[in-house]
Amino acid sequence: MNAKAHPETATDPTERKPSEKGTAENNISHLQAVIFDVDGTLAETELAGHRVAFNRAFKEFGLDWHWSAGLYGELLAVTGGKERIRLYVETYANQMLGRADLGAWVASLHQRKSEIYSELVLSGAIPLRPGVARLIQELRTAGIRIAIATTTTPAGLRSLIMANFKHDMDMLFEVIGAGDIVAAKKPAPDIYQWVLGRLNLPPEACLAVEDSYPGLTAARAAGIPTLVTVNAYTANQKFEGALSVVSDLGEPNVPARHVEGLPLARKCVDVAQLRTWHRLYSETSQRAVL
Ligand code: XBP
Ligand code: MG
């Protein structure tokens, strides 16, 4: 995939004529940026990636903790690795709460977990979800700006992108909001607000792509219309307020499945479909203020 330039070359049959689109760069009815979550959205990183790395780090630190697939599903209620360790300590290992250096100890345990996670993804263990590489390429071709809003640690994200795209993440994503760059992680809107500020765009000019209820809550609290692609950990969550919910982004020969919300009119989620959903959202919200 080529670096950075976003040439306006796409011809999209569902795109409106220039006279209908309006001309102002900040016209919110024109989709200008797509902001992707990472974990569970770009790739299924949790079960075979983060969880495995946590367990290996626990072993190295001499702990008898083991996060099974089921327990990890519970712990996903909290976003952020350090926050997840703290939740576990409070719930299942509260004798640790007496440690005077608990904060520093959690940070060093998490640091080691992050190194192990990077090694794992760089080994090629975690592929992208269906349609992710295709849609990112299509967005670049269409000149739609691309950003990241995630609670995950930047080093792990860099490894995931390098392993799967063979490019540095800064070459692919114009703005990257990740990890501790904001104090309050999802479901707080802070990371999305930080990204919107860097893009210098209003929320209604963007679309977010998320996989979980905390992620959807964060994006919606920032005012961004949001598409949800579910996965095994999030399939039973409630996605009220999502623009549309689908199984995944799909490929032309491996169609995505519509779950709820605005219908999926095409075999897979492509730029034309995103523009249609975004236009319907803009028209509905404009009608609501009339
Ligand atoms: C993802 C997360 C992440 C990872 C672990 O949430 O909660 O914390 O599980 O990442 P979202 P780190 O997809 O909603 O952003 O260990 O690197 O913090
Ligand atoms: Mg996620």
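Residues numbered from 1 in each chain as written. Chains lettered and ligands numbered in written order. Predicted model: local features only at pLDDT ≥ 70, side-chain atom pairs only at ≥ 80, totals over all residues. Heavy atoms only, no water.

A short note on the coordination of the magnesium ion (ligand 2)
1) Next: Within the protein, the atoms that donate to the magnesium ion (ligand 2) are Asp37 (OD), Asp39 (O) and Asp211 (OD), at distances of 2.1 to 2.2 Å.
2) Next: All donors of the magnesium ion (ligand 2) come from a single chain, and their spacing in sequence reads D-x1-D-x171-D. With a gap of 172 residues between them, Asp39 in the loop between strand S1 (33–36) and helix H2 (46–60) and Asp211 in the loop between strand S4 (206–210) and helix H10 (213–221) connect regions that are remote in the sequence. Per residue, the accessibility class of Asp39 equals that of Asp211, and both read buried. (Donors = N, O, S within 2.8 Å, 3.2 Å for Na, K, Ca; no water. Helix = DSSP H or I, 4+ residues; strand = E, 2+ residues; numbered from the N terminus. Buried < 20%, exposed > 50% of the residue type's maximum accessible area, 1.4 Å probe, protein only.)

A few points about the confidence of the model for the protein
Residues shown with low pLDDT carry predicted positions that ought not to be read at fine detail.
1) Next: This prediction gives the protein a mean pLDDT of 91; 89% of its residues lie at or above 70.
2) Next: Counted against residues more than four places away or in other chains, residues 1–25, with its pLDDT under 50, gives 48 contacts. (pLDDT = per-residue confidence, 0-100. Contact = heavy atoms within 4.5 Å.)

Structural notes on the site of ligand 1
1) Next: Neighbouring residues of ligand 1: 16 residues in total, closest Gly81, Arg84, His110, Lys113 and Thr153.
2) Next: The contact in question runs from an oxygen atom of ligand 1 to an N or O atom on the backbone of Gly81, over 2.7 Å.
3) Next: For ligand 1, whose free accessible area comes to 450 Å², the fraction covered by protein is 97%. (Near = heavy atom within 4 Å. Polar contact = N/O pair within 3.5 Å; in protein donor to acceptor, adjacent residues only side chain to side chain. Areas by Shrake-Rupley, 256 points an atom, 1.4 Å probe, with all protein chains shown as cover.)

Let's talk about the environment of Ser244
1) Next: Note on placement: Ser244 falls in strand S6 (residues 244–246).
2) Next: For the pair Ser244 and His258, spaced 14 residues apart in the sequence, the C-alpha separation amounts to 8.0 Å.
3) Next: Among all residues touching Ser244, those that are not within four sequence positions of it are Thr226, Leu227, Val228, His258, Glu260, Gly261, Leu262 and Trp277.
4) Next: Among the polar contacts listed, one links the side chain of Ser244 to the backbone oxygen of Leu262, at a separation of 2.7 Å.

Thoughts on the nonpolar core
1) Next: Residues Phe36, Trp65 and Leu274 are the most contacted members of the largest nonpolar core, which totals 61 residues.
2) Next: Top contributing element to this core by residue count: helix H5 (residues 102–122), with 7 residues.
3) Next: In contact with Phe36, not counting residues within four places along its chain, are Leu42, Leu135, Ile136, Leu139, Ile146, Ala147, Ile148, Ala149 and Val209.
4) Next: Ala33, Ala147, Val175 and Cys206 belong to the second largest nonpolar core, which has 18 residues in total. (Core = buried A, V, L, I, M, F, W, Y, C linked by side-chain atoms within 4.5 Å.)

What to know about the packing of aromatic side chains
Centre-to-centre distance and the angle between the planes together describe a pair of aromatic rings.
1) Next: Counting across every chain of the model gives 12 aromatic pairs.
2) Next: Here Trp65 and Tyr88 contribute two aromatic rings whose centre-to-centre distance is 4.7 Å and whose plane-to-plane angle is 55 degrees, an arrangement assigned as tilted. On the criterion of sequence distance, the pair formed by Trp65 in the loop between H2 and helix H3 (69–75) and Tyr88 in helix H4 (residues 81–92) is long-range, its members being 23 residues apart.
3) Next: Assessed through its relative accessible area of 8%, Trp65 is described here as buried.
4) Next: Looking at Tyr88, the relative accessible area reads 9%, which means it is buried.
5) Next: Taken together, Phe54, Phe58, Phe61, Trp65, Trp67, Tyr72, Tyr88, Tyr92, Trp105 and Tyr233 form an aromatic cluster joined through their ring pairs.
6) Next: One Lys or Arg, Lys113, reaches over the ring of Phe54 and ends 4.6 Å from the middle of that ring.
7) Next: The ring of Tyr117 is capped by Lys113, whose NZ or CZ atom sits 5.1 Å from the centre of that ring. (Phe/Tyr/Trp six-rings, centres within 6.5 Å; stacked < 30°, edge-to-face > 60°. Lys NZ or Arg CZ within 6 Å of the ring centre and 35° of its normal.)

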